[in-house]
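Next come the chains, spelled out residue by residue.
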Amino acid sequence: MRLIQLSLTLTVVGLVSSCGGGSGSSADQSDIAVNVSSVTALPEGDVMHYGAITVSDDIGVAFDVVGSFYTLGQGVSADYLLTMLNGETTHCQIQDDGVVDFEEISVGFTPYVPDSEKQMVSAGDAVVLSTPSGTYVSLQEQTAGSFLFYDLPSGSQLPQGSIPDELVVSVTGSLEIPPFMDALVPSIPTLTGVNFNTDSSVSVNTRFSWEPSGNPQALVRIQTQTAGGFFREDGVSVACVTPDSGTFTFPPGIQSLLGEGFVGEPPIMSRLLVNATKDSDTVLFVVRESFAEEF
């Protein structure tokens, strides 16, 4: 597992969830939560666990595979979790220096469920990714500090080349997480044509653009942080996941939280496609991610 180069070792201070396309105006209907722990709008349900396996490429070349699993502090609606990354919704988070969460330090996208009472749990000994011709990679359960996750064995690397087609994921299972067999890894085109209309930095008014895939379920992730933020007490990061429409500007609520004086580093952008499945009280997100060339 590679750690993200952005300084995303951060605590959430702002969250936007909105329906609609990739423009800032589509987020006007959203509420801003100053602290995620205060969010009470999550629809209740019977899902008490979730997991994510993310398979990433960098400009079409196999780059990273990582997995993690969680117990939630409250039951969440299965319909909500199964549709929150279906290509129709924009989610943004602003974060400042603070508590380190796994989804903030992993390169690969890990879906975020706005519940502060989550805990990483085991899903068994191994997570295996395979094709009709055999095993592609096998991820082992590993720990680092308080983190429990699934990664390639020490000294191992992904096979060179592109991510294979017809790739599926199988999870051994544990007391908390049921076994999953042959969950499909979506196929996704490489993210191309990425650009932003400000010089070498990001502002609250920056317009991001890219070549859309034409897949209505695809999403694009855009991440940046305050220029020099790692060395600044007031540094923040902002990460948005938005429909793959070809264009995006920060929603007004996020612009307000960032402030007119925000100056961000050149963005990191990737395209996502998520296959979400449910078994018992657990939702498994299988994420295919393609990173664009860095600016």
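The structure this text deals with has already been given above.
Residues numbered from 1 in each chain as written. Predicted model: local features only at pLDDT ≥ 70, side-chain atom pairs only at ≥ 80, totals over all residues. Heavy atoms only, no water.

Trainee: Describe the nonpolar core, with residues and values.
Mentor: Counting 27 residues, the largest nonpolar core has L81, L85, F102, V113, M120 and F285 as its most contacted members. Broken down by secondary-structure element, the contributors of at least two residues to this core are β2 (44–58), β3 (61–76), α1 (78–83), α2 (102–105), β8 (147–151), β16 (268–279) and β17 (282–291). When residues of this core are assigned to their parent elements, the largest contribution, four residues, is made by β3. With residues up to four places along the chain from it excluded, the contact list for V113 reads L42, Y50, L72, L81 and M84. Ranked by size, the runner-up nonpolar core spans 25 residues in total, among them L152, I163, V169 and L284. (Core = buried A, V, L, I, M, F, W, Y, C linked by side-chain atoms within 4.5 Å. Buried < 20%, exposed > 50% of the residue type's maximum accessible area, 1.4 Å probe, protein only. Helix = DSSP H or I, 4+ residues; strand = E, 2+ residues; numbered from the N terminus. Contact = heavy atoms within 4.5 Å.)

Trainee: Let's hear about the packing of aromatic side chains: which residues, and what values?
Mentor: Pairs of aromatic rings are described using the distance from one ring centre to the other and the angle between the two planes. For the structure shown, the criterion picks out seven aromatic pairs. Note on F248 and F250: the rings are 6.0 Å apart at their centroids and 85° apart in plane angle, and the pair reads as edge-to-face. Each member of the pair, F248 as well as F250, is classed as buried. The structure contains a cluster of three or more aromatic residues connected by ring pairs, namely Y50, Y70 and F285. (Phe/Tyr/Trp six-rings, centres within 6.5 Å; stacked < 30°, edge-to-face > 60°.)

Trainee: Pulling in residues and values, what's your account of the pattern of salt bridges?
Mentor: For the structure shown, the criterion picks out four salt bridges. The partner of E289 in a salt bridge is R221, with the nearest N and O atoms 2.7 Å apart. Of the two residues, E289 is situated in strand β17 and R221 in strand β13 (residues 219–225); the sequence distance between them amounts to 68 residues. Across this residue pair, the class does not change: E289 and R221 are buried. The salt bridge partner of R271 is D244, with a shortest N-O separation of 2.9 Å. Pair noted here: R271 is in strand β16 and D244 is in the loop between β14 (236–243) and β15 (247–249), with a separation of 27 residues, a long-range link. (Salt bridge = Lys/Arg side-chain N within 4 Å of Asp/Glu carboxyl O.)

Trainee: Just give me the short version of the environment of S209, but keep the residues and values in it.
Mentor: Inspection of the secondary structure assignment puts S209 in strand β12 (residues 207–209). It is 7.4 Å that separates the C-alpha atoms of S209 and G193, two residues lying 16 residues apart in sequence. Here S209 is in contact with G193, V194, N195, G246, T247 and M269, once residues within four sequence places are set aside.

Trainee: Please provide a residue-by-residue account of the sheet that holds β15, values included.
Mentor: Strand order in the open sheet formed by three strands is β11-β12-β15, and the pairing between neighbours is antiparallel. Of all the strands in the sheet, just β11 (195–196) and β15 have a single pairing partner and so form its edges. Pairing analysis gives two bridges linking β11 to β12, with the strands arranged antiparallel. By the bridge assignment for β12, N195 is matched with S209. (Pairing = 2+ DSSP bridges.)

Trainee: An account of the environment of S156 is needed here, citing residue identities and associated values.
Mentor: Locating S156 in the fold gives a position in the loop between β8 and β9 (168–171). As for S156 and L139, which are separated by 17 residues in sequence, their C-alpha atoms are 10.0 Å apart.

Trainee: Go over the pairing of β13 with me, naming the residues and quoting the values.
Mentor: With seven of seven residues buried, β13 lies mostly within the body of the structure. Burial of β13 is two-sided: the residues L219, R221, Q223 and Q225 facing one way and the residues V220, I222 and T224 facing the other way are all buried. With seven bridges joining them, β13 and β14 adopt antiparallel strand pairing. Note that in β14 the partner of Q225 across the bridge is S237. Pairing of β13 with β16 involves five bridges; the strand directions are antiparallel. By the bridge assignment for β16, I222 is matched with M269.

Trainee: Can you explain the pairing of β8? Please cite residues and give values.
Mentor: Taken across its five residues, β8 has five buried, putting it largely inside the fold. When strand β7 (residues 134–144) meets β8, the two strands line up antiparallel, connected through five bridges. Looking across to β8, one finds that A144 is bridged to F147. What sits between β7 and β8 in their antiparallel hairpin is a turn of two residues, with G145 showing a positive phi close to 65°.

Trainee: How would you explain unusual backbone geometry if you had to name every residue and give the values?
Mentor: Residues other than glycine predominantly adopt negative phi, and peptide bonds predominantly adopt the trans conformation. Residue I59 is not a glycine yet carries a positive backbone phi of 55°. Position of I59 among the secondary structure elements: in the loop between β2 and β3. Accessibility expressed as a relative area gives 48% for I59, which makes it partly exposed. The phi dihedral of E166 is positive, around 55°, even though this residue is not glycine. With respect to the helices and strands, the residue E166 is situated in the loop between β8 and β9.

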